[in-house]
Amino acid sequence: MKVLVKVCGVTRVEDAQGVWAAGVDAMGLNFHPGSPRFVDLARAASIARTRPPLASMVGVFVNAKPEDIRVRVRECGLTAVQLHGDESPEDCSGYGVPVIKALRVRGPDDVAKARSYVGVGDVAGLLLDGAAPGYGGGGVTFDWSLVKQLSDCGLPVLVAGGLKPSNVAEAVRATRPYGVDVASGVESSPGIKDLDAVRAFVRTVQSLNP
């Protein structure tokens with residue numbers, strides 16, 4: 001099965017255009033005000049207009065108010081929302097689009113917790129991230145062998161956390177995920193994408209696909 005590529009934390013229209021041209025499947029817009037990759041509604045809408053017709057635009061939120069999420073879904077034409085905070089299973093519905101629930105992984109208990117989101121609300125996928133300070137984008141990996149605990153959960157599983165062109169092949173071979181998600185691993189500085197790194201990342205993943 002093809003492993004999909006999502007590049008997260010895009011903050012500039014010119015970067016978005018280059019990222020799409022590299023062949024990614026999905027792009028993430030970060031709406032968490034505490035992130036160095038935060039984009040306000042106006043800028044996010046401009047970036048969202050670069051989306052090719054069959055690609056996915058994902059909004060990343062951390063403990064956000066439901067109405068704020070719905071506004072951004074509507075104004076930016078988001079195709080999915082990624083809840084990257086401390087949202088409960090009950091918080092994972094009501095946005096009109098599929099939900100990806102992200103969890104920071106320190107050990108087996110965090111992966112086991114992911115199962116509490118299976119079959120609840122609009123959760124259509126799980127994203128396992130490294131336990132970096134804050135809520136993602138910190139370039140911290142986790143024990144990829146833990147992903148196997150979710151192989152029978154019935155939901156697509158994405159892997160994030162510390163991925164970059166030099167280690168994404170190892171991560172894919174170790175986890176066989178539905179998709180991989182990268183932010184800091186393809187940047188020249190927070191929020192500014194290194195398009196050469198993006199292209200290298202995408203080429204590496206594509207070379208492993210059937």
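Above: the structure in question.
Counting of residues starts from 1 at the beginning of each chain's written sequence and follows it residue by residue. Given that the model is predicted, a residue must reach a pLDDT of at least 70 before its local features are reported, and side-chain atom pairs must reach 80 or more before they are shown or counted; all residues, however, enter totals for whole chains, interfaces and linings. Note that water and hydrogens are dropped before the side-chain values are worked out from all heavy atoms of the structure.

Asks: Teacher, can you tell me more about the packing of helix α2 (residues 41–48) against helix α3 (residues 66–76) here?
Replies: Describing two packed helices takes the angle between their axes plus the distance from one axis to the other. Only C-alpha atoms enter the line fits that serve as axes; for helices the fit covers just the stretch in contact. Angles between N-to-C directions range over 0 to 180 degrees. Helical segments are the DSSP runs of H or I of at least four residues, strand segments are the runs of E of at least two, and each set is numbered from the N terminus. Viewed as axis vectors pointing N to C, α2 and α3 meet at an angle of 40°, and their least axial separation amounts to 9 Å. By the angle between their axes, α2 is oblique relative to α3. α3 is crossed by α2, and the crossing has right-handed handedness. Residues Leu41, Ala44, Ala45 and Ala48 of α2 pack against Val71, Arg72, Glu75 and Cys76 of α3. In these notes the angle categories are as follows: under 35 degrees is roughly parallel, over 145 is roughly antiparallel, 65 to 115 is roughly perpendicular, and the rest is oblique. It is the rotation of the near helix from the far one that decides the hand of a crossing: anticlockwise by less than a right angle makes it left-handed, clockwise makes it right-handed. We call two residues in contact whenever any of their non-hydrogen atoms come within 4.5 Å of each other.

Asks: I'm lost on the side chain of Gln82 in this one. Help?
Replies: In this fold, Gln82 is placed in strand β4 (residues 80–83). Throughout this description, a polar contact denotes any pair of N or O atoms lying within 3.5 Å of each other; where both atoms belong to protein, one of them has to be capable of donating a hydrogen while the other can accept it, and for residues adjacent in sequence the pair is counted only when both atoms sit in side chains. A polar atom in the side chain of Gln82 sits 2.9 Å from the side chain of Lys6. Among residues more than four places away in sequence, those in contact with Gln82 are Lys6, Val58, Gly59, Val60, Phe61, Ile100, Ala102, Leu127 and Asp181.

Asks: Help me understand the nonpolar core, please; the structure alone is not making it clear to me.
Replies: Taken as a class, soluble globular proteins show a tendency for nonpolar side chains to be buried jointly. Judged by nonpolar contacts, the single largest core of 59 residues is most densely connected at Val7, Leu29, Leu78, Val81, Leu126, Val180 and Phe201. Put simply, buried Ala, Val, Leu, Ile, Met, Phe, Trp, Tyr and Cys residues joined by side-chain atoms within 4.5 Å make one nonpolar core. Think of it in three bands: residues with accessible area under 20% of the maximum for their type are buried, residues over 50% are exposed, and the middle band is partly exposed, with areas taken using a 1.4 Å probe on protein chains only. In terms of nonpolar packing, the next biggest core, distinct from the first, is built from seven residues, Val58, Ala80, Ile100 and Leu127 among them.

Asks: What exactly am I supposed to notice about the packing of helix α5 (residues 168–175) against helix α6 (residues 195–208) here?
Replies: Interaxial distance between α5 and α6 falls to 9 Å at its minimum, and their mutual angle equals 35°. Of the two elements, α5 crosses α6, and the hand of that crossing is right-handed. Together, Val168, Ala169, Val172 and Arg173 of α5 and Phe201, Thr204, Val205 and Leu208 of α6 make up the contact between the two elements. Residues are grouped as follows: Ala, Val, Leu, Ile, Met, Phe, Trp, Tyr, Cys and Pro are nonpolar; Asp, Glu, Lys and Arg are charged; all remaining types, including Gly, are polar. Residues that form the contact of α5 with α6 fall into these classes: six nonpolar, one polar and one charged.

Asks: In this structure, what is going on with the sheet that holds β4? I would like to understand it.
Replies: To summarise the sheet geometry, strands pair through backbone hydrogen bonds and adopt either a parallel or an antiparallel arrangement. Strand pairing requires that DSSP identify at least two bridges connecting the strands. Overall, parallel pairing links the eight strands, which are arranged β1-β2-β3-β4-β5-β6-β7-β8 in a closed barrel. Within this sheet the neighbouring strands show an average axis-to-axis angle of 25°, counted without direction. In terms of strand pairing, strand β2 (residues 26–30) meets strand β3 (residues 56–61) through five bridges, oriented parallel. Bridging from a neighbouring strand, Asn30 pairs with Val60 of β3. Where α6 meets the sheet, its contacts fall on β1 (4–8) and β8 (179–182), and the angle it forms with β1 comes to roughly 160°.

Asks: Honestly, α3 in this entry has me stumped. Any pointers?
Replies: An α-helical segment advances 3.6 residues per turn. Residues three or four places apart therefore align on the same side. Where α3 is concerned, the buried positions are Ile69, Val71, Val73 and Cys76. Along its buried surface, α3 packs onto α2, β3 and β4. Following α3 by one or two positions, Gly77 has its phi on the positive side, about 60°.

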